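# Secondary and tertiary structure notes
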Amino acid sequence: MLDPTCPDITGRVLEGLMASGVEKNHAAIKRGIEFLKKSQEADGSWYGRWGVDYIYGTFLALRGLQAAGESDREAYILRAGEWLRACQNADGGWGESCASYDRNTFVAADSTPSQTAWAILGLIAGGDTTSNSLHQGIEYLMEAQKSDGGWDEHLSTGTGFPGVFYLKYHSYRNSFPVLALSTYLKTKGQQ
């Protein structure tokens with residue numbers, strides 16, 4: 001079985017290559033950036049193959065682009081941040097339904113810790129360190145955190161095969177919020 005090239009994996013690979021010392025003018029980096037530019041949806045999001053769905057794809061595309069040295073002032077990166085802010089839930093978090101795969105567009109769901117963390121990570125990678133959306137997302141994670149330090153998550157946010165079956169990775173509910181909160185704190189330390 002082979003999966004087609006997808007924005008979320010491309011973003012991860014860009015981030016990994018840059019972290020391992022590949023130069024940003026390397027042909028593979030340039031091809032990855034061009035692929036992400038061409039695969040961006042008209043609304044500013046990116047499709048996510050391995051996590052539900054557009055929030056996941058958008059956060060990983062933005063992290064890869066940031067790692068590859070793309071300016072957060074580029075119109076397509078700004079458009080992605082606007083898309084993330086526009087799909088935020090009233091409670092300050094983010095959530096996306098598996099039905100997004102069936103409809104080929106974002107379908108809102110109740111907020112989850114992992115999807116909220118993905119949106120926060122995407123906003124930060126896109127250069128947003130001060131918006132109300134970002135701060136509301138941080139507040140959502142802090143308020144949803146349980147006394148034992150973890151988070152509850154009842155919806156599936158992992159993707160086995162789009163439209164066929166979905167997964168509930170139990171570490172997502174904790175690992176991504178911790179990564180988002182630590183990334184946020186690092187940005188505050190740099191300002």
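Quick look at the structure, then.

Rules of the game
- Residues numbered from 1 in each chain as written.
- Predicted model: local features only at pLDDT ≥ 70, side-chain atom pairs only at ≥ 80, totals over all residues.
- Heavy atoms only, no water.
- Axes fitted to C-alpha atoms, helices over the stretch in contact; angles between N-to-C directions.
- Helix = DSSP H or I, 4+ residues; strand = E, 2+ residues; numbered from the N terminus.
- Parallel < 35°, antiparallel > 145°, perpendicular 65-115°, else oblique.
- Left-handed = near helix turned anticlockwise from the far one by under 90°.
- Contact = heavy atoms within 4.5 Å.
- Nonpolar A, V, L, I, M, F, W, Y, C, P; charged D, E, K, R; others polar.
- Salt bridge = Lys/Arg side-chain N within 4 Å of Asp/Glu carboxyl O.
- Buried < 20%, exposed > 50% of the residue type's maximum accessible area, 1.4 Å probe, protein only.

## Considering the packing of helix α4 (residues 75-86) against helix α6 (residues 113-125)
One can describe the packing of α4 onto α6 by two numbers: an axis separation of 9 Å at closest approach and a directional angle of 150 degrees. The orientation of α4 relative to α6 falls into the category roughly antiparallel. For the element pair α4 and α6, the recorded crossing hand is left-handed. Residues Gly 81, Leu 84 and Arg 85 of α4 form the contact with α6, whose participating residues are Ala 119, Gly 122 and Leu 123. Across the contact of α4 with α6, the residue classes tally to three nonpolar, two polar and one charged.

## A look at the packing of α6 against helix α8 (residues 172-190)
With their axes 8 Å apart at the nearest point, α6 and α8 run at an angle of 30 degrees to one another. On the basis of their axis angle, the class for α6 and α8 is roughly parallel. In terms of crossing hand, the pair formed by α6 and α8 is left-handed. Across from Pro 113, Ser 114, Ala 117, Trp 118, Ile 120, Leu 121 and Ile 124 in α6, the residues of α8 making contact are Tyr 172, Arg 173, Phe 176, Pro 177, Leu 179, Ala 180, Thr 183, Tyr 184 and Thr 187.

## Section: the pattern of salt bridges
According to the stated counting rule, one finds eight salt bridges in the structure shown. For the salt bridge of Glu 70 with Lys 37, the shortest nitrogen-to-oxygen distance reads 4.0 Å. With Glu 70 in the loop between α3 (54-67) and α4 and Lys 37 in helix α2 (residues 27-39), the pair connects residues that are 33 residues apart, well separated along the chain. Asp 148 is the salt-bridge partner of Lys 146, the closest N and O atoms lying 3.7 Å from each other. Assessed through its relative accessible area of 29%, Lys 146 is described here as partly exposed. Owing to a relative accessible area of 61%, Asp 148 belongs among the exposed residues under this scheme. Shared partners join several salt bridges into a network, and the residues in it are Glu 34, Lys 37 and Glu 70.

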